[in-house]
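As a plain string of letters, each chain reads:
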Amino acid sequence: MGILNVTPDSFSDGGRYTLVNLAVQQALQMAAEGAAFIDIGGESTRPGAEDVGEQEELDRVLPVLEALRKESNVLVSIDTSSPKLMLEAAKLGANLLNDVRSFTREGALEAAVATGLPICIMHMRGEPSSMQQQTDYVDVVAEVKHWLSHRLQACITAGIAQEKILLDPGFGFAKQLPHNLTLLANLNRLLSLGQPLLVGMSRKRMLGEITGKSALERDAAGLAAHLLAAQQGASILRVHSVVGLKDALQVWQAVQQASSLT
Ligand code: 7PM
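Numbering of residues begins from 1 in every chain and follows the order in which that chain's sequence is written. Local features in a predicted model are, by the rule used here, given only for residues with pLDDT of at least 70; side-chain atom pairs are given and counted only at 80 or more, and totals for whole chains, interfaces and linings are based on all residues. The side-chain numbers reported here are obtained from all heavy atoms of the structure, hydrogens and water having been left aside.

Participant: Where do I start with unusual backbone geometry in this structure?
Facilitator: With the exception of glycine, the majority of residues adopt a negative phi angle, and the majority of peptide bonds are in the trans configuration. At Phe103, a residue that is not glycine, the phi angle is positive and equals roughly 60°. In this structure, Phe103 sits in the loop between strand S4 (96-99) and helix H4 (108-115). Even without being glycine, Arg203 reaches a positive phi, approximately 60°. Each helix corresponds to a stretch of at least 4 residues labelled H or I by DSSP, and each strand to a stretch of at least 2 residues labelled E; elements are numbered beginning at the N terminus. Checked against the element boundaries, Arg203 lands in the loop between strand S7 (198-199) and helix H7 (205-211).

Participant: Where do I start with the packing of helix H3 (residues 83-91) against H4 in this structure?
Facilitator: Helix packing for two helices is described by the angle between their axes and how far apart those axes are. Comment: axis = line fitted to C-alpha atoms, over the contacting stretch for helices; angle = value between 0 and 180 degrees taken between N-to-C directions. Relative orientation of the contacting elements H3 and H4 amounts to 10°, with a least axis distance of 8 Å. Of the possible angle classes, the one that applies to H3 and H4 is roughly parallel. Where H3 abuts H4, its residues Pro83, Met86, Leu87 and Ala90 lie against Ala108, Ala111, Ala112, Ala114 and Thr115. Throughout this entry, Asp, Glu, Lys and Arg are counted as charged residues, while Ala, Val, Leu, Ile, Met, Phe, Trp, Tyr, Cys and Pro are counted as nonpolar. The remaining residues, Gly among them, count as polar. In terms of residue class, the contact of H3 with H4 is built from eight nonpolar, one polar and no charged. Note that the term roughly parallel is reserved for angles under 35 degrees, roughly antiparallel for angles over 145, roughly perpendicular for angles of 65 to 115, and oblique for everything else. The contact criterion used throughout is that any non-hydrogen atoms of two residues lie within 4.5 Å.

Participant: Honestly, helix H8 (residues 219-231) in this entry has me stumped. Any pointers?
Facilitator: Owing to its 3.6 residues per turn, the α-helix brings residues three or four apart onto one side. Given the number of residues in a helix, its expected span is that number minus one, multiplied by 1.5 Å. In this model H8 runs 18 Å from its N-terminal to its C-terminal C-alpha over 13 residues, within 8% of the 18 Å that 1.5 Å per residue would give. Remark: exposure states derive from per-residue accessible area (1.4 Å probe, protein chains only) relative to the maximum for the residue type, with buried under 20%, exposed over 50%, and partly exposed in between. Those residues of H8 that sit buried are Ala221, Gly222, Ala225, His226, Ala229 and Ala230. Contact partners of the buried residues in H8: helix H6 (177-185), S7, H7, strand S8 (236-237) and helix H9 (242-260). Positioned one or two residues after H8, Gly233 has a phi angle of 105°, which is positive.

This is the structure:
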């Protein structure tokens, strides 16, 4: 899954037309590089970030989705907590709803049910602005698993089909480095919940804390982390840089095939 940020700070010049075109070009490039999904997000969920207005988020995301749909049938995931955006994006051909707040906003779960689309629910505590003040865990794997199982049940009860629900431990969301590392080391323990896993560590602070590198220098570190996640059974890997990971996965797959023949 390739990440497409359509926040103005992710582009150097202004102008909606330029912005939409650059975003579509980037999406097409990631699809050509082997991304099965493009995850479009118009709200910055950076730790400590301010909320953007709902209308601004719609104005950022919907024109990009509409323009991308004219060029490609690549699967599109929408990274949003807004019920309105979920409904509008579904009408324009979105394929997956990805909400870091796990459909807890007023009307979000009902909107998700109404679209009939698959969803991804992710572990977090509080809001992106305050989550790094809530990082106390006794057993982070057990607590994340317990939280996801409860949210999974709530979504099924609300009317989302079980086979349409992905789970995500939420790397970097209300977690310190040791928690992130423990979760990555024990990711396979989440598989017993019976749902496919989506994970995203791309360019996140945890990789900077390990390597000492800045955000744009973290793709090799991210590649290693996502390959480790895939080896533990993660189904979807959410990344900024698709090419390198695609190559790594192909090498792993080739080796796996060789080992199954002996
Ligand atoms: C700024 C800082 C913008 C951080 C965006 C971010 C995840 C996600 C994000 C994830 C799922 C990022 C985050 N992270 N959705 N959306 N899982 N399912 O680093 O880990 O991309 S936003």
